[in-house]
Amino acid sequence: MKRYDCLKLLAPLVDEHMLTVTSLSSNTAFWSDLRREGVNFFGCNMGLCIPFALGLSAAFPRRKVIALDSDGSLMIDTSSLITVADVNPPNFVAIVMDNGSYARMGSTFTARKTDLEKIAQGAGIAKTGTVRGEEALAAAVKHALETSGPHFIVAKVEPDMVRVKGDPHRTYGRAMREWFLDAVRRHPDYQQARK
Amino acid sequence: MDQQSVQVIVETLKEEGIDLAVTLPEEPTFSLTEAMRQDPYFQAVTVAGEGNGLAFCAGAALGGRRVVFVTGVAGLLVGSWALSQMGMVYGPPILILASYRGDFGDHSGIPGSQLLMFKQVAEPLLGALRVPYRVVSQKATLKRMIQEGSFACQDYSHPIVLLLSGEVLW
Amino acid sequence: MKRLDCLKVLAPLVDEHMLAVTSLSTNTPFWFTVRPQGPNFFALNMGLCLPFALGLSVAFPKRKIIAIDSDGSLMNDSSSLITVADVNPPNLVAFVMDNGSYAHMGPTFTTRRTDLAKMAQGAGIANTGTVGSLEEFSAAAKQAMESRGPTLIVAKVERDAGRVSADRSRTSGRPMREWFMDAVRHHPDYKGGR
């Protein structure tokens, strides 16, 4: 299945008060195109997407927080899954877009022997799944957003054929951070520091 | 770290509204992290690696939580990638208390070659990563340093490191 | 079961030309006690034991390489399991001495939800197992040493009482490196350093 189609399917299931984090990958450009409002942190670099989203889930415990990670990024630091399992937050959802490649630099380990869902289970996350079709993905995501987590879903997607760039003012660096923080401050649950 | 320092730190963190305490246990700061783990005021999180630990702190901090990350120089080294992203690029306000392994006064028994490495690397590492830091080695100034570190952290919107040493740590 | 007893069972299976690597933990002084001679690299810091051993396994492809790691160390960089699976060296045997504790600092994730053998399988390592008794350990170790790897065995051991130390000049820092390099240079298979 195609990554863009998966994200397109996901977008209407994410309500305005849910928070999302994307990894540095075409997840960023695609997701920024599909979800223009709400709290979104774009372009989290390799290995950092899932733990960052985990932290965000500790800041917004009553809202679903969705990490849109990629296989290469997660594999840099699979130990983050151990931390997720131990913190065990019911509002955390990780969806890993697994295209089995590093951008367009050739295949990754998931194209060979590595099974990220199994690693997540070994880490201690009980609610996991791997999906290869859009219907299965839709069902898995709906379930994850409606029930207590943490949830971990691997979506097997085809490599994207072209390089996709997002709007640098919304998806990158300091500019992205300001959009993100603005949305965070306007979120109904935002609790500013006590002092 | 003795109970006196632990108490001062815990009290001051509470006064600063810091209620999320994150660590990967290490010996010099263990009495502190244990105290926070057992104190119902704090949400205490143990992480499997300092890289994902710092990223976790960043997400929580930018999301509005007040967070402290307790580690050592080794943890800063392991977490350097995360610090480069979560410091210079995104500036989350994270207060980091790091034991200054290898600083003069470290009689912990770790081999000299390791201690020397930590001593030589710690401050230049933080400089290279552009993380503001202070060495805190006197009990008399401990409280004030935590207050100032916490304030700076929020004010700059940037991670701040307090390197704990001397009579504060040993 | 006790960590030292496991290592005592392992030592006679390791011949003079096999290379061993230990993590920073009581693996180091204990292994030094049971196998003081031969190429040993001691006390690798958190997360580094397994990948270092993997590197040795490609430098000495005809010899068994033994990694003696610990749970906290491996969990610091569990992605190394993926690299091991992908390089797929038949000569690597990894033991994770899992006492569920960071030194004396209390329980790690393996006493709660984390299953390291399962993570290793997910990474792609086929030969994995978890053992809880000395008999099981002995059988698993023998089998690992006699078959094609890579193999990863998680040994559930008790926490060690008290502190254990070993001769610093043999087990840490530059002096340890020199002993190791001396053994390596004298190794019949050594191809380096011309």
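Worth saying up front: this structure is predicted, and the values here are computed from it rather than measured. (Residues numbered from 1 in each chain as written. Chains lettered and ligands numbered in written order. Predicted model: local features only at pLDDT ≥ 70, side-chain atom pairs only at ≥ 80, totals over all residues.)

## What about helix 7 (residues 134–146) of chain C?
And then number 1: Between its first and last C-alpha, helix 7 of chain C extends 18 Å over 13 residues, near the 18 Å set by a 1.5 Å rise per residue.
And then number 2: Packed against the buried residues of helix 7 of chain C are helix 1 (3–10), strand 4 (92–98), strand 5 (127–131) and strand 6 (151–156) of chain C. (Helix = DSSP H or I, 4+ residues; strand = E, 2+ residues; numbered from the N terminus. Expected span 1.5 Å × (residues − 1). Contact = placed C-beta atoms within 7 Å.)

## Focus: the pairing of strand 4 (residues 94–99) of chain B
Residues and elements named next belong to chain B.
And then number 1: Counting buried residues in strand 4 gives 6 out of 6 residues, a clear majority hidden from the surface.
And then number 2: Inspection of the sheet shows strand 3 (residues 67–72) paired to strand 4 by 6 bridges, in the parallel sense. Among the inter-strand pairings, Val-67 is bridged to a residue of strand 4, identified as Ile-94.
And then number 3: Inspection of the sheet shows strand 4 paired to strand 6 (residues 160–164) by 5 bridges, in the parallel sense. Among the inter-strand pairings, Leu-97 is bridged to a residue of strand 6, identified as Leu-162. (Buried ≥ 20, exposed ≤ 12 C-beta atoms within 10 Å, placed from the backbone. Pairing = 2+ DSSP bridges.)

## Describing the confidence of the model for chain B
Residues and elements named next belong to chain B.
And then number 1: Taken as a whole, chain B shows an average pLDDT of 94; of its residues, 100% reach a score of 70 or greater.
And then number 2: Across chain B, strand 6 holds the top mean pLDDT of 98, while helix 5 (residues 80–89) sits lowest at 88.
And then number 3: The ipTM value of the predicted complex is 0.92, and its pTM value is 0.92. (pLDDT = per-residue confidence, 0-100.)

## Side note on the sheet that holds strand 5 of chain C
All names here are of chain C.
And then number 1: Taken together, the 6 strands give an open sheet; going across it, the order is 2-1-3-4-6-5, and neighbouring strands pair in parallel fashion. Each edge of the open sheet is held by one strand with a lone partner, namely strand 2 (40–44) and strand 5. Strand-to-strand twist across the sheet, computed as the mean angle between neighbouring axes with direction ignored, equals 15°.
And then number 2: The sheet contact formed by strand 1 (residues 19–23) and strand 3 (residues 65–70) spans 4 bridges and is parallel. Across the sheet, Ala-20 pairs through a bridge with Ile-66, a residue of strand 3.
And then number 3: Set on the sheet, helix 6 (residues 116–123) makes contact with strand 4, strand 5 and strand 6; between it and strand 5 the angle comes to about 175°.
And then number 4: Sheet strands touched by helix 7: strand 4, strand 5 and strand 6. Its angle to strand 6, the strand with the most contacts, is close to 165°. (Axes fitted to C-alpha atoms, helices over the stretch in contact; angles between N-to-C directions.)

## Brief notes about the pairing of strand 5 of chain C
Consecutive residues of a regular strand have side chains that alternate between opposite faces of the sheet.
Residue and element names in this part refer to chain C.
And then number 1: In this structure, strand 5 lies alongside strand 6, joined through 5 bridges in parallel fashion. If you follow Val-131 over to strand 6, its bridge partner there is Ala-155.
And then number 2: In the classification by handedness, the crossover that spans strand 5, the intervening helix 7 and the parallel strand 6 is right-handed. (Right-handed = clockwise from strand over helix to strand, strands pointing away.)

## Thoughts on the sheet that holds strand 3 of chain B
Residues and elements named next belong to chain B.
And then number 1: The sheet built from 6 strands is open, its strands ordered 2-1-3-4-6-5 with parallel pairing. A single partner strand is all that each edge strand has here, and the edge strands are strand 2 (43–46) and strand 5 (133–136). Taking each pair of neighbouring strands and ignoring which way they run, the sheet shows an average axis angle of 20°.
And then number 2: The sheet contacts of helix 7 (residues 139–156) involve strand 4, strand 5 and strand 6, and relative to strand 6 the element is tilted by about 160°.

## A look at the interface of chain A and chain B
And then number 1: Taken together, the contacts link 29 residues of chain A with 27 residues of chain B.
And then number 2: Those elements that place two or more of their residues in the side of chain A that touches chain B are helix 3 (49–59), helix 5 (79–87) and helix 9 (173–186) of chain A.
And then number 3: If you tally residues by element for the side of chain A that touches chain B, the top one is helix 3 of chain A, at 8 residues.
And then number 4: Class assignment of the residues belonging to the side of chain A that touches chain B gives a composition of 15 nonpolar, 9 polar and 5 charged. (Nonpolar A, V, L, I, M, F, W, Y, C, P; charged D, E, K, R; others polar.)

## Comments concerning the environment of Val8(B)
Residues and elements named next belong to chain B.
And then number 1: Within the secondary structure, Val-8 is located in helix 1 (residues 3–15).
And then number 2: It is 6.4 Å that separates the C-alpha atoms of Val-8 and Lys-143, two residues lying 135 residues apart in sequence.
And then number 3: In contact with Val-8, not counting residues within four places along its chain, are Leu-142 and Lys-143.

## Structural notes on the packing of helix 5 (residues 80–87) of chain C against helix 6 of chain C
For any two helices packed against each other, the geometry is given by the interaxial angle and the distance between the axes.
Residues and elements named next belong to chain C.
And then number 1: Here helix 5 crosses helix 6 at 50°, and the two axes come no closer than 8 Å. In this view, helix 5 runs oblique relative to helix 6, as classed from their interaxial angle. As for how helix 5 packs across helix 6, the hand of that crossing is right-handed. Between helix 5 and helix 6, the contacting residues are Leu-81, Ile-82 and Ala-85 on the first element and Met-119, Ala-120 and Ala-123 on the second.
And then number 2: Here the residues of the contact of helix 5 with helix 6 are counted per class, giving 6 nonpolar, no polar and no charged. (Parallel < 35°, antiparallel > 145°, perpendicular 65-115°, else oblique. Left-handed = near helix turned anticlockwise from the far one by under 90°.)

## Focus: helix 9 of chain A
And then number 1: Helix length check: helix 9 of chain A, at 14 residues, gives a terminal C-alpha distance of 20 Å against a target of 20 Å (1.5 Å per residue), a fit within 8%.
And then number 2: Among the residues making up helix 9 of chain A, those that are buried are Met176(A), Phe180(A), Leu181(A) and Val184(A). Mapping the buried residues of helix 9 of chain A onto a view down its axis gives an arc of 130°, with all of them on the same face. Turned more than 90 degrees from where helix 9 of chain A packs its buried face, Arg174(A), Glu178(A), Asp182(A), Arg185(A) and Arg186(A) sit exposed.
And then number 3: Residues of helix 9 of chain A that are buried in the fold lie against strand 2 (39–44) and helix 8 (168–171) of chain A together with helix 3 (50–62) of chain B. (Arc of directions from axis to C-beta.)

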